[in-house]
Amino acid sequence: QVQLLESGGGLVQAGDSLRLSCTASGRTFVMFAMGWFRQAPGKDREFVASISGNAQRSYYAESVKGRFHISRDNAKNTVSLQMDSLKPEDTAVYSCAARYSSPNNNVYTRKSDYGSWGQGTQVTVSS
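About the cut-offs
Residues numbered from 1 in each chain as written. Predicted model: local features only at pLDDT ≥ 70, side-chain atom pairs only at ≥ 80, totals over all residues. Heavy atoms only, no water. Helix = DSSP H or I, 4+ residues; strand = E, 2+ residues; numbered from the N terminus. Buried < 20%, exposed > 50% of the residue type's maximum accessible area, 1.4 Å probe, protein only. Contact = heavy atoms within 4.5 Å. Areas by Shrake-Rupley, 256 points an atom, 1.4 Å probe, with all protein chains shown as cover. Lys, Arg positive; Asp, Glu negative; His and termini not counted. Charge placed at Lys NZ, Arg CZ, Asp CG, Glu CD. Salt bridge = Lys/Arg side-chain N within 4 Å of Asp/Glu carboxyl O. Polar contact = N/O pair within 3.5 Å; in protein donor to acceptor, adjacent residues only side chain to side chain. Disulfide = S-S within 2.5 Å.

Peer 1: So what about the overall build of the protein chain? Which residues, and what values?
Peer 2: When helices and strands are counted, the protein chain shows zero helices and eleven strands. Mapped in sequence order, the helices and strands of the protein chain form the string β-β-β-β-β-β-β-β-β-β-β. Overall, the C-alpha framework of the protein chain stretches about 40 × 25 × 25 Å when taken along its three principal axes. Expressed as a percentage of its 127 residues, the buried residues of the protein chain come to 43%. A separation threshold of at least 6 residues defines the contact pool for the protein chain, and within that pool the share at least 24 residues apart is 62%. Carbon and sulfur atoms make up 45% of the accessible area of the protein chain, which totals about 6700 Å². Positive and negative charge centroids in the protein chain, built from 14 and 10 side chains respectively, lie 7 Å apart.

Peer 1: Run through the side chain of R72, naming residues and quoting values.
Peer 2: With respect to the element layout, R72 can be found in strand β7 (residues 68-73). Comment: no salt bridge for buried R72; closest opposite-charge side chain is D73, at 8.3 Å. Only 2.9 Å separates the side chain of R72 from the backbone oxygen of F29, close enough to count as a polar contact. Within the local environment of R72, its side chain forms a polar contact with the side chain of N74, the two groups lying 2.7 Å apart. When near neighbours in sequence (up to four residues on either side) are disregarded, R72 contacts F29, V30, F32, A33, M34, I51, S52, G53, A55, T78 and V79.

Peer 1: Which residues make up the state of the cysteines, and what are the values?
Peer 2: If you walk through the whole model with that rule in mind, you get one disulfide. Covalently, C22 is tied to C96 through a disulfide, its sulfur atoms 1.9 Å apart. Given an S-S torsion of about 45 degrees, the disulfide between C22 and C96 has right-handed geometry. One end of the pair, C22, is in strand β3 (residues 18-24); the other, C96, is in strand β9 (residues 92-100), with 74 residues separating them in the sequence. By the burial criterion, C22 is buried, and C96 matches it.

And the structure:
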């Protein structure tokens, strides 16, 4: 099991940037693939980005490709989501998730792939 805590959300204008962070508990963070998901009001939670435990693979939803960048620092037990050129349709609660993965070179895109979830941080983009 792993406990996750997100931070960095806020209110910004269209075109601005935000950087979200997620800190994980535990001593084997490198063995967990990490993902970011988001949920807008009245909509299902959707995949945003994922990164493998060894940080060598990443994958993005088409809607954020080229604007968002996922990274991790295994020495600090953190994963980040740099969000540039934000749009009003990016408004949502953003959650990070962890999945144990051995070997640690896989990425995952489905909610059901992940076993641990943070509580989320609100991102609001005004037009």
